[in-house]
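Chain by chain, the residues run as shown.
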Amino acid sequence: MPASKRSERRKHAGYATKAGMSPGTMVFIGEQQVDKARIDIIRYDDAGLKEMSDVSPEQCRDCSAASGVTWINVNGIHNVALIESLGKHFDLHPLTLEDIVNTTQRPKVEEFPDYVYAVLKMMAFDDAANRLEIEHVSLIFGENYVISFQEHEGDVFDSVRERIRNSKGRIRSLKADFLAYALMDAAVDHYFLALERIGDRIENMDDRILVHPRPGDIQEVHKLKREILSFRKAVWPLREEVGALEKSETVLIRPETRVFLRDLYDHIIQVIDMVETFRDILGGIHDTYLSSVSNRMNEIMKVLTIISTIFIPMTFIAGVYGMNFTYMPELKWPFGYYLIWGVMITVALSLVSFFKRRKWF
Amino acid sequence: MPASKRSERRKHAGYATKAGMSPGTMVFIGEQQVDKARIDIIRYDDAGLKEMSDVSPEQCRDCSAASGVTWINVNGIHNVALIESLGKHFDLHPLTLEDIVNTTQRPKVEEFPDYVYAVLKMMAFDDAANRLEIEHVSLIFGENYVISFQEHEGDVFDSVRERIRNSKGRIRSLKADFLAYALMDAAVDHYFLALERIGDRIENMDDRILVHPRPGDIQEVHKLKREILSFRKAVWPLREEVGALEKSETVLIRPETRVFLRDLYDHIIQVIDMVETFRDILGGIHDTYLSSVSNRMNEIMKVLTIISTIFIPMTFIAGVYGMNFTYMPELKWPFGYYLIWGVMITVALSLVSFFKRRKWF
Amino acid sequence: MPASKRSERRKHAGYATKAGMSPGTMVFIGEQQVDKARIDIIRYDDAGLKEMSDVSPEQCRDCSAASGVTWINVNGIHNVALIESLGKHFDLHPLTLEDIVNTTQRPKVEEFPDYVYAVLKMMAFDDAANRLEIEHVSLIFGENYVISFQEHEGDVFDSVRERIRNSKGRIRSLKADFLAYALMDAAVDHYFLALERIGDRIENMDDRILVHPRPGDIQEVHKLKREILSFRKAVWPLREEVGALEKSETVLIRPETRVFLRDLYDHIIQVIDMVETFRDILGGIHDTYLSSVSNRMNEIMKVLTIISTIFIPMTFIAGVYGMNFTYMPELKWPFGYYLIWGVMITVALSLVSFFKRRKWF
Amino acid sequence: MPASKRSERRKHAGYATKAGMSPGTMVFIGEQQVDKARIDIIRYDDAGLKEMSDVSPEQCRDCSAASGVTWINVNGIHNVALIESLGKHFDLHPLTLEDIVNTTQRPKVEEFPDYVYAVLKMMAFDDAANRLEIEHVSLIFGENYVISFQEHEGDVFDSVRERIRNSKGRIRSLKADFLAYALMDAAVDHYFLALERIGDRIENMDDRILVHPRPGDIQEVHKLKREILSFRKAVWPLREEVGALEKSETVLIRPETRVFLRDLYDHIIQVIDMVETFRDILGGIHDTYLSSVSNRMNEIMKVLTIISTIFIPMTFIAGVYGMNFTYMPELKWPFGYYLIWGVMITVALSLVSFFKRRKWF
Amino acid sequence: MPASKRSERRKHAGYATKAGMSPGTMVFIGEQQVDKARIDIIRYDDAGLKEMSDVSPEQCRDCSAASGVTWINVNGIHNVALIESLGKHFDLHPLTLEDIVNTTQRPKVEEFPDYVYAVLKMMAFDDAANRLEIEHVSLIFGENYVISFQEHEGDVFDSVRERIRNSKGRIRSLKADFLAYALMDAAVDHYFLALERIGDRIENMDDRILVHPRPGDIQEVHKLKREILSFRKAVWPLREEVGALEKSETVLIRPETRVFLRDLYDHIIQVIDMVETFRDILGGIHDTYLSSVSNRMNEIMKVLTIISTIFIPMTFIAGVYGMNFTYMPELKWPFGYYLIWGVMITVALSLVSFFKRRKWF
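Residues numbered from 1 in each chain as written. Chains lettered and ligands numbered in written order. Predicted model: local features only at pLDDT ≥ 70, side-chain atom pairs only at ≥ 80, totals over all residues. Heavy atoms only, no water.

Check the secondary structure of chain A and you find nine helices and seven strands. Over its C-alpha trace chain A gives a radius of gyration of 34 Å, far above what one expects of a compact globule, namely 21 Å for 361 residues. For chain A, the spread of C-alpha atoms along the three principal axes comes to 120 × 45 × 35 Å. Here chain A, with 361 residues, has 62% of them falling under the buried criterion. The long-range fraction of contacts in chain A, counting pairs at least 24 apart against all pairs at least 6 apart in sequence, stands at 68%. Carbon together with sulfur atoms contributes 54% to the accessible area of chain A, which is approximately 13800 Å² in total. (Helix = DSSP H or I, 4+ residues; strand = E, 2+ residues; numbered from the N terminus. Rg over C-alpha atoms; globule rule 2.2 N^0.38 Å. Buried < 20%, exposed > 50% of the residue type's maximum accessible area, 1.4 Å probe, protein only. Contact = heavy atoms within 4.5 Å. Areas by Shrake-Rupley, 256 points an atom, 1.4 Å probe, with all protein chains shown as cover.)

Put into structure tokens, the structure is as follows:
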């Protein structure tokens, strides 16, 4: 948790140092994830496919004019110069470039006359670090090109790449807007994987807490709540934006793609539903924990107090016959001692049976 | 509870394994409920009725062109090939087919140019397993046909089937849109049955908890809350969608059916009202449980502490006269011992009466 | 509370048994409140007034064609046949008839081409049974007639009847829409009476709980909360519906009546305001109860623990001089015994003054 | 608090007795605040000013036709006849008259063809009674007249009166709509005074509770919460209504007045902001109180239990050497007694140091 | 905290004293922050730049007519006369002037025919005073001028000044609307700095509370919550207003500036997101604190009660053999004493092992 908080704060710190700069100034905010930014290109149409890897930004220059669909994938967004030169080739707005390299930017979809810019978050649950890894992803698509920016190489887009290569599905015969949709869809599909991991942790905790609650559990619950909240924060705005995109009047999105966007919208709502369910379950675990701890404590205090209560009258009786009065007839009785033991055991047993009858233990 | 959670998670796991597939790819997500998918057909109009059971998808080919209304009911949605071939005959969109076999799809209504697609959930409370069974149901209706998809054979649609056979109500003289409405209405009517079962459990618990709260009750309350929440999740979107359908401009829904849709909308709101009432009652039970547990605990601790408090001064007095000082005049008094008993009993009684006056017990 | 819950559940049970019936099927859902349903008619215009009581449905046949305003009041809605025949005379929609006899129907206003149908709830607080009685009331008004359906004879509409008889207010010179408004207004006015009774109970409880909280109080608070909630559920939809009616474009409502509907809307909002206030007060009582119980408990435990703490050191000292060491010089001191009493009293007093200084009691 | 509740209930009781009366029937609901209702008139225009005090309703007859602006102020609304005759002169709707004398009417603004009717609440915090005094104020303005109705003479409108007399500000050169605005603005400005008093009480309580929480504080907090809630209830509807008035299409409000209404709207939002802030602070005080009480209690119990725990082993040791075994070698040791004192003191000190090391006190 | 509350209340007090004044009356409400109000002017266009500092209001007279963009910055808003004379030169509405000098005015954007008026808050976290400093800032921009009003000289606008001087970014070639945007953006950028400081405090507290919760922590949490709330109150209305400005139809905002306003809107939402996250974290800290305190307390009570419980039976046994019965055979046994020690130790050890087995410590 400190790690996740520290990293989040470092980002904000990065943002804060940017205060006072001209809007549209590109400053990379975040943690560098790869050594070297790298550009890969796939160009395809119904007929054929051409892949180029590790190209220079200059090679992308005439992509927007080429026939077919060109998908430019950029791994690593810390190289501001590289992204700036790409921006120049595709005539991107300075504010778009600023947002591409700002990993604190929240998800949004913005339409510009020549292109649509979408920010989304890739989510993965890192089991080792026990935290949610959030990656900043930007998508830009125009008439016949898509540019995707990732913080580091990931396997999320590989499935789309495979489908293009194998000409699976309808992807090869459709345009850039469908490719952009397919990439967003791939990202959203991966949300379910991350959620499943979080769900596993929640379930483990739920099972354990009933049996043996531990003092640190409340922090663990809060940590999971926080992860769920950042998940929510990454998905919630997306919902609204994809909904707007579906209804938008831009010509860049063809009617046949819109029904897929509606489907994507549906998936996002399903993710939100799961997130809300997890929140509810965590709330229940929280309650269970508190009531479990307090039950245990009550149980202990009750047993201990009952033990004390049984012995206190017996100790009193023993105290009475420890008194040194000259005239105490019982002390002289031949079976006085055994009688008193009898009295004491009787008192103890009646107390026990009184407690039992009241169902106190 | 673990069962329900496990099944829910298995579904999501199923969803997750789908990550990376092309959108519109049909993958059955869920648990297979019947051995063999099976298609039954009822064709009717004002004049007559024809039933065919266990037909092949090919026999449905020209249903959309036939006169009268054709109702095709599919039990079992795990047979992807069968549903795909049906989809081809009726020219269904790939995303519709994908949603039909995806049991995690939330309720929705989608209008396509030639048909309307509705997803809803059938709800039944399984007393033996003590959990809510949720079944994924899809309805498709066009100009003169309705296709319904269920996870397993159920008796929910039987009442509609009977009404068609007996020509009860206005159903035989109306079109496919009314049949689709009647099926949705039958499903919603069954919600009341499931709610009534949940209501029984809630009431039993409410009555018992006041008398004898048990440590596991808090989990039971949370379990019921969770069932109520999944109920809510299944009904809430339906409300919105049926409202939209009533106001929609599609020609597939005739004006005379719209007033029935408004009635259906009303019923859904009533279901939501009951669900919300149950949530409130469960909240009250939760409070009652906590206050009941804490009352019992307080009662016990109070009685025990009062017993201790009464004996402690008496024990002190006995201790005093157990001291071995050479000169302790009281010890020599002939009635010293009885006097001291008198003092001790007086102290005890004054404490008791002090506690009584303060209404401490 | 069990009574109210049982009755509510019986209703829902009734609803549930209806599952599977054709929509528009009239089934009386609820508890029969009167032995025999009974129809009374008042016909009036500016000039005159004619009353007929206990008429047959056939006598209502040409009411909709008669001049002036005809008010048909039906007491008892369990007689389905009677209501059906009325429905035929006035050409009511089957769904309207279904809702008239369904006491679980929530408040609503529906416009049909020839009439407006309004469902509302009459509320009375039954002091003996200590519960809110909710009566299902339906109003139908057309061009020149109003039909009202009540579960049992009540005095709520008597004031309107009197105003018609005495020609008080503007009611005689106005049309059916004003009469319908007047009936709704009379019902809403009676909400204040029921609320006042609930308010009395809340106040009694509030005053008592501070002085002497009782274990059952928390259930009483929850019971009142539940009554308030059913009140809310009966009023909340009405607000929306009356608002819609005021703005509706139906010609059945004349412009001069609309300003009165706005006034009715205002009253409903005032009822809702009171209901919300009561909820807040109940919330406060709940808190007061909990803090009052915990204060009392803390007070008791504190006093008892302080008593124990004062005696424990004294008992220890007495124990020390009860030891049987051969050589214990203090035992031989002539005033040893008195000295020790002095020491013990000093210890006790210093503890008391220490506790006093710390304001522990 | 009982006073405020009683008065609130008396009002509602008043309302309830009205149940069954014809709508538009004028019944004074509330408590009479002045002996005699009294009408004062100020007529002014750019050029001159004329004041008449304690006039009869008949003298107001031709006010609506007079040139300049006429402000008719009515103190005391219990005189139904007086208000009715005023209503006749200005042709007011019966429902308007009903609302003028109904002090339970919530704030609203209603537009009629010839006039605008506004209900608002004047708020003052009565320090002696320690409660919020709410006064029912009605404003009616037409083309060239304003009628204001107050429950009793107050100084809230004096500032406006002074500005008219001294021709301060732009008030003399503007029309009736501006005067009405100015009166509303004066009322809203006084909200800040009342809020400030409530704020003082809250702050006093906040400072004290940390130092010395008292059992009655929780009731005091709830009382303040309730005052805040009635404040909120009086202001919240006003916000909406003034917003509607600003955007309304009535010709009675001139464009130059609308910018002032926007300003008034702003002030109302500011009042709401303060009210919400107070609610938050009270919520914080509630938490502080609870945690403060429980901290104190814990502190006490901890200290007392620690004292007991230190003495219990020592008492045991003393008990051991109080045993009467014939053969107990330690009893014969010459320094046995001192040794045992040493042992007992050692045990006590080690327990103290153990507790200290664990930071238990 | 008292400081912040006192200052807030002083402001409201200021507001309250204004009650009764004519709307549009300029009264400085707040605390004077600088000795002398001071006006600085920067005039620039693509070609050149001219700076004048500490000018008189008269020198601004013809600014609105000059070519290029004129930025008039006013430090210190207590000098009502100065601002009034500025207002006359630029023909500002009296209500605008009133709001400029009213530091309690909440953020808003108002469009007038000739200018746009924006109120925003500058936020800085004062580490020494441990409180959030909120500064009231007004911006007015017309065709070719911007007037900014600050409570005291600050470095927030310096970055914009530098960019104008150095002709960095696109600022010099754009108009007054861009300058106004740039100033707002600079203020919003500084919000992140203030949030970062608050975030530091929250994190410190979070880390510490787990290790060693202190009684005053709950107040500290509430104090931070309150700071967060005032932050929220300052940012929340801004969001709405900037959104409205972006969509507004005023010609004063050029299309190329609108995309920047959208970006500003985005940043504000990000601030709100961070604020909400902080609220959630504070809620978690609150829970952690409570559960941490109660864990510690439970731990202590458990250990102490266990110690007592172990000694109570032993003390009882010792008491038994302290009895003075004539006939107590054990007392005569040669090894009776050692045997009894054995018994006592056995009892103690079995209790300890019993507690251990139950995992009570």
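Back to the text.
Right, let's talk about the interface of chain D and chain E for a bit. With 61 residues of chain D at the contact, the number on the chain E side is 62 residues. For the chain D and chain E pair, buried surface summed over both sides reaches about 5600 Å², with 61% attributable to carbon and sulfur atoms. The tally of links from chain D across to chain E stands at four salt bridges. Run the count over chain D and chain E and you get 14 residue pairs in polar contact (both at pLDDT 80 or more). For the side of chain D that touches chain E, the secondary structure elements donating two or more residues are helix H4 (158–165), helix H5 (176–211), helix H7 (255–320), helix H8 (329–332) and helix H9 (336–357) of chain D. Examining the composition of the side of chain D that touches chain E, we find that 29 residues originate from one element, H7 of chain D, more than from any other. For the side of chain D that touches chain E, the class distribution of residues is 25 nonpolar, 18 polar and 18 charged. (Buried area = accessible area lost by both parts, 1.4 Å probe. Salt bridge = Lys/Arg side-chain N within 4 Å of Asp/Glu carboxyl O. Polar contact = N/O pair within 3.5 Å; in protein donor to acceptor, adjacent residues only side chain to side chain. Nonpolar A, V, L, I, M, F, W, Y, C, P; charged D, E, K, R; others polar.)

All names here are of chain B. For Asp-54, which is not a glycine, the phi torsion comes out positive at approximately 55°. Looking at the secondary structure, you find Asp-54 in strand S2 (residues 49–55). Look at Asp-54 and you get partly exposed, because its relative accessible area is 43%.

This part takes up the relation of the copies chain D and chain E. Copy one and copy two of the chain differ by a rotation about an axis and a translation along that axis. With an RMSD of 0.1 Å, chain D superimposes on chain E once it is rotated by 72° and translated 0.0 Å along the axis. The symmetry that links the two subunits is that of a five-fold axis. No C-alpha of chain D approaches the rotation axis more nearly than that of Gly-322 of chain D, which lies at 4.5 Å. Taken together, the interface assignments show that only 10% of the residues at the interface of chain D recur at the interface of chain E, consistent with different surfaces on the two copies. (Least-squares fit on C-alpha atoms with pLDDT ≥ 70 in both.)

The next thing to look at is the sheet that holds strand S4 (residues 108–111) of chain B. Residue and element names in this part refer to chain B. Strand order in this open sheet of seven strands is S2-S1-S3-S7-S6-S5-S4, and the pairing throughout is mixed. Strands at the two margins of the open sheet, each flanked by one partner only, are S2 and S4. Strand-to-strand twist of the sheet, defined as the mean angle between neighbouring strand axes without regard to direction, takes the value 15°. Pairing of strand S1 (residues 38–44) with S2 involves six bridges; the strand directions are antiparallel. Paired with Tyr-44 across the bridge in S2 is Leu-49. The sheet strands contacting helix H4 (residues 158–165) are S1, S2 and strand S3 (69–75), and the helix crosses S3 at an angle near 150°. (Pairing = 2+ DSSP bridges. Axes fitted to C-alpha atoms, helices over the stretch in contact; angles between N-to-C directions.)

This part covers the pattern of salt bridges. Going through the model one piece at a time under the given rule, you end up with 105 salt bridges over all chains. In this structure, Arg-131 of chain A and Glu-133 of chain A form a salt bridge, with 3.9 Å as the shortest nitrogen-oxygen distance. A relative accessible area of 15% means that Arg-131 of chain A is categorised as buried. Residue Lys-36 of chain E is joined to Asp-54 of chain E by a salt bridge in which the shortest nitrogen-to-oxygen separation is 3.5 Å. Pair noted here: Lys-36 of chain E is in the loop between helix H1 (2–17) and strand S1 (38–44) and Asp-54 of chain E is in strand S2 (residues 49–55), with a separation of 18 residues, a long-range link. Residues participating in the shared-partner salt-bridge network are Asp-99, Lys-108 and Glu-110 of chain A together with Arg-262 and Asp-266 of chain E.

Next up on the list: the domain arrangement of chain A. Segmenting chain A into domains produces domain 1 (3–292) and domain 2 (321–357). Just the C-alpha atoms count here: the centres of domain 1 of chain A and domain 2 of chain A sit 80 Å apart. (Domains from an automatic or database assignment.)

Looking now at the side chain of Thr-315 of chain B. Tracing the backbone shows Thr-315 of chain B in helix H7 (residues 255–320). Of the polar contacts made by the side chain of Thr-315 of chain B, one reaches the backbone oxygen of Phe-311 of chain B; its length is 2.8 Å.

Summed over the entire model, instances satisfying the criterion amount to 89 aromatic pairs over all chains. Ring centres of Phe-316 of chain C and Trp-341 of chain D lie 6.0 Å apart, and the angle between their planes is 90°; this geometry places the pair in the edge-to-face category. Of the two residues, Phe-316 of chain C sits in helix H7 (residues 255–320) while Trp-341 of chain D sits in helix H9, which places them in two different chains. Relative accessible area serves as the criterion here: at 25%, Trp-341 of chain D is assigned to the partly exposed category. A cation over a ring is seen here: Arg-262 of chain B above Phe-112 of chain C, with NZ or CZ 5.6 Å from the ring centre. Across from the ring centre of Trp-236 of chain D, 5.1 Å away, lies the NZ or CZ of Arg-239 of chain D, which sits over that ring. (Phe/Tyr/Trp six-rings, centres within 6.5 Å; stacked < 30°, edge-to-face > 60°. Lys NZ or Arg CZ within 6 Å of the ring centre and 35° of its normal.)

Here the focus is the packing of helix H4 (residues 158–165) of chain C against helix H5 (residues 176–211) of chain C. Residue and element names in this part refer to chain C. Closest axis-to-axis distance for the H4/H5 pair is 9 Å, and the angle between their directions is 140°. Judged by the angle between their axes, H4 and H5 are oblique. The residues of H5 that touch H4, namely those facing Ser-159, Val-160, Arg-163 and Ile-164, are Leu-179, Ala-182, Leu-183 and Ala-186. Taken together, the residues of the contact of H4 with H5 sort by class into six nonpolar, one polar and one charged. (Parallel < 35°, antiparallel > 145°, perpendicular 65-115°, else oblique.)

Turning our eyes to something else, we now look at the relation of the copies chain B and chain C. Superposition of chain B onto chain C requires a rotation of 72° combined with a translation of 0.0 Å along the rotation axis, giving an RMSD of 0.1 Å. A share of only 10% of interface residues in chain B that are also interface residues in chain C marks the association as one of differing surfaces.

A separate point is the pairing of S1 of chain E. All names here are of chain E. Among the seven residues in S1, five count as buried, and that is most of the element. Taken together, the seven bridges between S1 and strand S3 (residues 69–75) define a ladder with antiparallel strand orientation. Looking at S3, one finds that Ile-39 is bridged to Val-74. From the end of S1 to the start of S2, which pair antiparallel, there are four residues.

Contacts between the two partners involve 61 residues from chain B, matched on the other side by 62 residues from chain C. Around 5600 Å² of area is buried between chain B and chain C when both sides are counted, 61% of it from carbon and sulfur atoms. Linking chain B to chain C there are four salt bridges. Taking the shortest distance from any N to any O, the salt bridge between Asp-206 of chain B and Arg-226 of chain C comes out at 3.6 Å. Linking chain B with chain C are 14 residue pairs in polar contact (both at pLDDT 80 or more), by the criterion used here. Mapped by element, the contributors of at least two residues to the side of chain B that touches chain C are H4, helix H5 (176–211), H7, helix H8 (329–332) and helix H9 (336–357) of chain B.

Attention now goes to the UniProt feature "transmembrane region" (unreviewed entry) in chain A. According to UniProt, the positions carrying the feature "transmembrane region" (unreviewed entry) are residues 303–323 and 335–355 of chain A. The annotated region residues 303–323 of chain A carries 86% helix and 0% strand content, and the separation between its end C-alpha atoms amounts to 31 Å. (UniProt positions renumbered as here; feature names shortened; annotations may be inferred.)

Right, let's talk about the side chain of Thr-305 of chain D for a bit. Locating Thr-305 of chain D in the fold gives a position in helix H7. Look at Thr-305 of chain D and you get buried, because its relative accessible area is 14%. Once residues within four sequence positions are removed from consideration, Thr-305 of chain D is found in contact with Met-301 and Leu-304 of chain E.

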